[in-house]
Amino acid sequence: MRAAVTTALGSIAVEQVPDPDPGPGDAVVDVGAVGLCGTDLHMFLGERHDTGFPLRQGHEVGGTLAALPRGYDGPLRVGQTVAVDPAIPCGRCRPCTRGAWPACTAFRALGVALPGGLADRLVVPARQLHGADGLTAVEAALVEPFGDAIEHPEDAVKVLVTP
C-alpha cells in the first residue's frame, strides 16, 4: 500500500509499505481523509522529542471500515464511515484497569508513537472507532480536531488533506 512517511526532519516520501497486519481486537480502515495540524508540523520540524523517524504521521482520520476483528459483537459494520480516536490507551494504568480508558496516563497516539493515517489503510483497535453515518470521510476526519478545539481553542487552525 502507499504511505506518506516522514523519513527524517523536514523530509516526507510516498513509499510502498506492507499492508497492515491486524492483531486481535484490531479493525482495518480504508483511509479517506487525514487532517494535518500543529502536532504534525512540530514533529516534521523536530520540535517534539516524543517520536522518531521514520514515522507515518496523521492522527485525524476518517474513512471506511474495511474489516472488523474476528468475533466482534458491537455497533460498527463493514462499509460504514468511521472517525478514529487516535489516543490508544495502555490498558495497564489505574484508569485503564478501572475501565476509564479516556483518562489513561500512558496512552500512545496514532501518528506520533504508532503508525498514523497517511496511508491507504490503517489498523486500529476497534474500540477506537466511532460510527459516522451520514458524514463523509472528510467530515469524519474533522471529529478529532473539533473535539480538540473545544478543549484547546488556541490550536483550532487545521489543514485537511485528502488522498
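Everything discussed here concerns the structure shown above.
Residues numbered from 1 in each chain as written. Predicted model: local features only at pLDDT ≥ 70, side-chain atom pairs only at ≥ 80, totals over all residues. Heavy atoms only, no water.

Asks: Describe in detail the pairing of strand β1 (residues 2-8), supporting the description with residues and values.
Replies: Bridge count between β1 and strand β2 (residues 11-16): six bridges; the pairing is antiparallel. Each residue of the ladder has a partner; that of alanine 3, found in β2, is glutamate 15. From the end of β1 to the start of β2, which pair antiparallel, there are two residues, and glycine 10 there has a positive phi angle of about 70 degrees. (Pairing = 2+ DSSP bridges. Helix = DSSP H or I, 4+ residues; strand = E, 2+ residues; numbered from the N terminus.)

Asks: Residues and numbers for the side chain of threonine 6, please.
Replies: With respect to the helices and strands, the residue threonine 6 is situated in strand β1. By relative accessible area, threonine 6 is classed as buried at 1%. At 2.6 Å, the side chain of threonine 6 and the side chain of glutamine 57 are in polar contact. In contact with threonine 6, other than residues within four places in its own chain, are Ser11, Ile12, Phe44, Phe53, Pro54, Leu55 and Gln57. (Buried < 20%, exposed > 50% of the residue type's maximum accessible area, 1.4 Å probe, protein only. Polar contact = N/O pair within 3.5 Å; in protein donor to acceptor, adjacent residues only side chain to side chain. Contact = heavy atoms within 4.5 Å.)

Asks: Can you break down the pattern of salt bridges residue by residue, with the values?
Replies: Inspection of the entire model under this criterion finds three salt bridges. Between aspartate 19 and arginine 121 there is a salt bridge, with the nearest N and O atoms lying 2.6 Å from each other. In this pair, aspartate 19 is assigned in the loop between β2 and β3 (26-36) and arginine 121 in strand β8 (residues 121-125), connecting sequence segments 102 residues apart. On the basis of relative accessibility, which here comes to 49%, the residue aspartate 19 falls in the partly exposed class. Under the relative-accessibility criterion, arginine 121 is labelled partly exposed at 23%. (Salt bridge = Lys/Arg side-chain N within 4 Å of Asp/Glu carboxyl O.)

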